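# Examination of the molecular architecture
What follows is each chain in one-letter form.
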Amino acid sequence: MTVNSDQPPYTADEAWLPYRPDVDGPWTAAETAHLYRRGGFGAPLAVLQQAAEKSPAQASRDLLTATEPESFRQLSAQLARAAVASGDPRSLAAWWMRRMISSPAQATERLVLFWHGHFATSAEKVSDVDLMLQQNELIRTHAMTQFEPFVQAMAQDPAMLLWLDAATSRKAHPNENFARELMELFCLGEGRYTEADIREAARCFTGWEVRRRQFRFNRFQHDTGDKTVLGESGSFGGQDIVRIVLKQSAAAEFLICKLVRYYLRDEIPEVAVLCQPLIRQYRENGMQLQPILQTLFSSRLFYSRWCQGFRVRSPVDLAVSLLRTFEGSANTVLLSERTQEAGQGLFFPPGVQGWDEGRAWINTSTLLGRSNLISGLLADSATRFAGKTPAEYCREVLATDPQQAIEQLQTALFARSLPKATLDSATRLFSKRSDQSLLEALQLLCSIPEFQLC
Amino acid sequence: MFPSRRQFLQASTAAWTFASRLPLPLAAAATATKESTVLIVIELQGGNDGLNTLISTQDPEYRRLRPKLAIPANTTLTVTPECGLHPQLRGFAELLERDQLSIVTNVGYDQPNRSHFESMDIWHTCLRGDQRRGDGWLGRWLQESTAAPGSLAALHLGDQQLPLALRSQAHPVPSIKSREQFRLQAPNAESLQQELLIAAAPEPSSDDLLGFIRSSTSTALQTSERIQEIGRRSTTTTSWPEGPLSRELQTISGLIRAGLETSVYYVSLGGFDTHAQQPDAHARLLRQLGDGVSALMKDLNDAGHADRVLVMCFSEFGRRVAENASDGTDHGTAGPVFLIGNNVVPGLTGTLPDLNQLRDGDLQYSTDFREVYADLLQNWFRTDSEKILGGSWKPCGAVRT
């Protein structure tokens, strides 16, 4: 199996079979670290070691089915209300980032982040913080369930209606924005429909309005005439269109391929061929998402060297993963500003297409931004790793045995081997044990090219 | 083994005399000569409403199809007896008075695609979706040009990903957001910089993805040093308007005046996807654009650099001719392209779109965007355009020959 090859090490038929420890490869904390980094946002070494005691299927099931206890949900709801009261979407971003860092249901939060990029809605235009929160919670409710009810709910979500101007679409002049993005970005992909389909579908969504921050159907503005969309004719309404669009064979392929690129590897040649068995599973189970994730996270391909270290960390992923690995907490207002500078502002996706992922995260500007995010985090007085300041944590936990500490960091944080030069420098800096040298070591480790990948 | 930061700076002011010791990108950068020509591309994202940018003052069809959105003829800024600029484009009107503005009308392409991303990619690469798109038209020009590999031949300003137009195999093009943010911020920035340069050094065993991140990291660190150094030397007396575009143009102007060798600068202004409540939003954007470009040309003019700079503003498509019910317009087809500089043929190039000859409610283009590119490549960069554009296109005639 060569790491450098573009081609996957398995055929489509083999790729999604369950991973067999010791037959297909090892099953240690390094593999569970991969599971947690991709399925969630990473975990401390002790959690990874515990997970390695379970089977791959059980470990991924536990990750996927973890829930937030009632007390956590209540606290989170309280903090959300405070963010809404501030009227500032950046407070809401800070709230969500805090939830990502501390929620026991990290696989759900990871998926909510995926969907936020998929149904990208920006507070740049939807300035009503309450509506942005409502959408975020709606996504959380549907994140791991069935796709069609999810899209139906999103189509009537007030923030979405405002974002894509559906809320002001009139019978006489339907607005095409929502109908277009439903097909192009949410369900089918570019080129899987005609311009006539868009125009006709837009008519079906007329009369879908927002009143008093809620969805309302205004029958006086709804075009009740006959329409033809994707080969079907009738006096369709908006819900019919969602159903018709999702019935297209392109729909399953579009979503599954996107999920596989998100969770397994950014760049996959002929991804649709590789995904055929999954696409079949998804269609046969009625577009249920959780079983698909279960298959992904316990598959041979997922744990292969072809996937490990072949995704670029997004700025939010980078920040949250670092904190989760160190059982950390931080001033998430500052932190979410920093991720925005590095190219990913929560509730501020760059446009209707969301974030491009992969190499698009990396340019000269964002690379400096990522390193500055780390230095800002290490310098901020509110940052805690396992209840200690970063310097204390480094001295008490990491610097007692620099060599062992770096090995542990390698396992928990890195999907790629640390380069020799960095290894030597970090060991030297840890051994010096001054506050400055300890933080310098951590800063260096979290700025090198290998850290950008997971 | 690696120069200290001070040595690094001395070296960068001394025209990179240590280039031979550092086989890294940018180390080979040459100092600009005053003669070298510069193109600044301003991308208007979202689909600019061309019909409300360059406004017909005579055509009754325009007013009939846009009962609410039509701009009153008497408020437009006269270009010809038939048309005028949006009232908020005062900056462009001033440029026109000084013979520094050329408007190429009704620019588009065959079988227009109305997806933002697809249409933008077509403009960037000159290729359709079913063709393999490895590089962009400016990237291909960089490959063909005599720019030393690793020089700062092109620069992208903004926090979005590198525009496809600038992508190429041989010339990694840096993206910078602003000069101030474009530096390592750490108590130990100097030693961090050196350690990172070592960690990012090319490594033959690394795969393509890791290699890409390594080379991007090297480019980031080295470009940052150069831009910071140039920033310390740059001063200006021009008063610049507010807004991100203006700030980016100001940065560009500073870099040009400081003698950076860069030939292509790329910036974008978003927000043109005006499906709803168009009038105020569109007016604000056009004002930013006009005032920003006008300040840029003044600044360059004062410093004696205006003759070697040309600005192009384009958008991925225009908008549907008829307005929608949300006081907005939907995705359309053709629109005007603006060229600004001392070397343009001032006024209109081409004719106004014919609103009686619509296809499915959309304009039919009269100038292909590649004719604009051919004009820039042949008459501005003095390069053969055929290979870069993948075909023979007649220059549209907006650049003085």
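Residues numbered from 1 in each chain as written. Chains lettered and ligands numbered in written order. Predicted model: local features only at pLDDT ≥ 70, side-chain atom pairs only at ≥ 80, totals over all residues.

Looking only at helices and strands, one finds 11 helices and 12 strands in chain B. Here the C-alpha atoms of chain B give a radius of gyration of 22 Å, agreeing with the 21 Å that 2.2 N^0.38 yields for 401 residues. Per-residue burial over chain B gives 55% buried out of 401 residues. Considering only contacts within chain B whose residues lie at least 6 apart along the sequence, 72% involve residues at least 24 apart. (Helix = DSSP H or I, 4+ residues; strand = E, 2+ residues; numbered from the N terminus. Rg over C-alpha atoms; globule rule 2.2 N^0.38 Å. Buried ≥ 20, exposed ≤ 12 C-beta atoms within 10 Å, placed from the backbone. Contact = placed C-beta atoms within 7 Å.)

Moving on to the packing of helix H6 (residues 89-102) of chain A against helix H8 (residues 129-142) of chain A. Two packed helices can be described by the angle between their axes and the distance between those axes. All names here are of chain A. One way to put it is that H6 packs onto H8 with a least axis distance of 9 Å and a crossing angle of 25°. In terms of axis orientation, H6 runs roughly parallel to H8. Read as a crossing pair, H6 and H8 show a hand that is right-handed. Packed against H6, whose contacting residues are Pro89, Leu92 and Trp96, the element H8 presents Val129, Met132, Leu133 and Asn136 at the interface. Classifying every residue of the contact of H6 with H8 gives six nonpolar, one polar and no charged. (Axes fitted to C-alpha atoms, helices over the stretch in contact; angles between N-to-C directions. Parallel < 35°, antiparallel > 145°, perpendicular 65-115°, else oblique. Left-handed = near helix turned anticlockwise from the far one by under 90°. Nonpolar A, V, L, I, M, F, W, Y, C, P; charged D, E, K, R; others polar.)

Attention now goes to the interface of chain A and chain B. It is common to give the size of an interface as the accessible area lost on bringing the parts into contact. The interface is formed by 46 residues belonging to chain A together with 46 residues belonging to chain B. In terms of residues, the side of chain A that touches chain B owes the most to one element, helix H20 (residues 364-379) of chain A, which gives seven residues. For the side of chain A that touches chain B, the per-class residue count stands at 14 nonpolar, 21 polar and 11 charged.

So, on to the sheet that holds strand E3 (residues 77-80) of chain B. Residues and elements named next belong to chain B. On the basis of which strands lie adjacent, the open sheet formed by three strands has the order E2-E4-E3 and antiparallel pairing. On the outer flanks of this sheet lie strand E2 (54-56) and E3, each paired with one strand and no other. Across the sheet, the mean angle from the axis of one strand to that of its neighbour is 40°, orientation sign disregarded. The sheet contact formed by E3 and strand E4 (residues 83-85) spans three bridges and is antiparallel. Its bridge partner being in E4, Thr78 is matched across the sheet by Gly84. (Pairing = 2+ DSSP bridges.)

Residue and element names in this part refer to chain A. A positive phi angle, close to 60°, is found at Met287, a residue other than glycine. Look at Arg433: it is not a glycine, yet its phi comes out positive at around 65°. Checked against the element boundaries, Arg433 lands in the loop between helix H23 (420-432) and helix H24 (435-445). A tally of 14 C-beta atoms within 10 Å means that Arg433 is categorised as partly exposed.

The next point concerns the confidence of the model for chain B. Residue and element names in this part refer to chain B. On average, residues of chain B carry a pLDDT of 87, and 90% of them reach 70 or more. Here residues 1-34 is a poorly scored stretch, pLDDT under 50, and it has 52 contacts once near neighbours within four places are set aside; other chains count. Predicted as a complex, the structure gets a pTM of 0.82 and an ipTM equal to 0.95. (pLDDT = per-residue confidence, 0-100.)

Let us look at the environment of Leu335(A). Residue and element names in this part refer to chain A. Relative to the helices and strands, Leu335 resides in helix H19 (residues 332-341). Since 26 C-beta atoms lie within 10 Å of it, Leu335 is described here as buried. It is 9.7 Å that separates the C-alpha atoms of Leu335 and Asp380, two residues lying 45 residues apart in sequence.

Residue and element names in this part refer to chain A. Pairing between strand E1 (residues 208-211) and strand E2 (residues 214-217): four bridges, direction antiparallel. Looking at E2, one finds that Arg211 is bridged to Gln214. Hairpin connection, E1 to E2: the antiparallel pair is bridged by two residues, and Arg212 has positive phi, about 45°.

Residue and element names in this part refer to chain A. Most of helix H12 (residues 195-204) sits inside the fold, with seven of its 10 residues counted as buried. If you check which residues of H12 are buried, you get Asp197, Ile198, Glu200, Ala201, Ala202, Arg203 and Cys204. Buried positions along H12 lie against helix H11 (177-187), strand E3 (227-229) and helix H13 (238-247).

Before going further, it helps to spend a moment on the environment of Val321(B). Here Val321(B) lies in the loop between strand E9 (309-315) and strand E10 (335-340). Excluding its chain neighbours within four sequence positions, the residues that come into contact with Val321(B) are Leu51(B), Leu65(B), Gly332(B), Leu355(B), Leu358(B), Gly361(B), Asp362(B) and Leu363(B).

A separate point is the packing of helix H21 (residues 390-398) of chain A against H24(A). Residues and elements named next belong to chain A. It is at 9 Å that the axes of H21 and H24 come closest, and there the two elements cross at 90°. The orientation of H21 relative to H24 falls into the category roughly perpendicular. Residues Pro390, Ala391, Cys394 and Arg395 of H21 lie in contact with H24, whose contacting residues are Asp435, Leu438, Leu439 and Leu442. Looking at the contact of H21 with H24 residue by residue, the class counts come to six nonpolar, no polar and two charged.

Residue and element names in this part refer to chain A. Structurally, Gly238 can be placed in helix H13. In the structure, Gly238 is positioned 60 residues away from Phe178 in sequence and 11 Å away in space, judged by C-alpha atoms. Discounting chain neighbours no more than four positions away, the residues touching Gly238 are Ala155, Cys204, Phe205 and Trp208.

Residues and elements named next belong to chain B. The buried count for strand E5 (residues 101-108) comes to eight of eight residues, which makes it a mostly enclosed element. Where E5 and E10 come together, five bridges link them in antiparallel fashion. Across the sheet, residue Leu101 finds its bridge partner in E10, namely Ile340. Here E5 pairs with strand E11 (residues 347-349) via three bridges, running parallel. Residue Val104 lies in a different strand from E11, and its bridge partner there is Thr349. In this sheet, strand E12 (residues 367-368) lies alongside E5 in parallel orientation, the contact comprising two bridges. By the bridge assignment for E12, Val107 is matched with Thr367.

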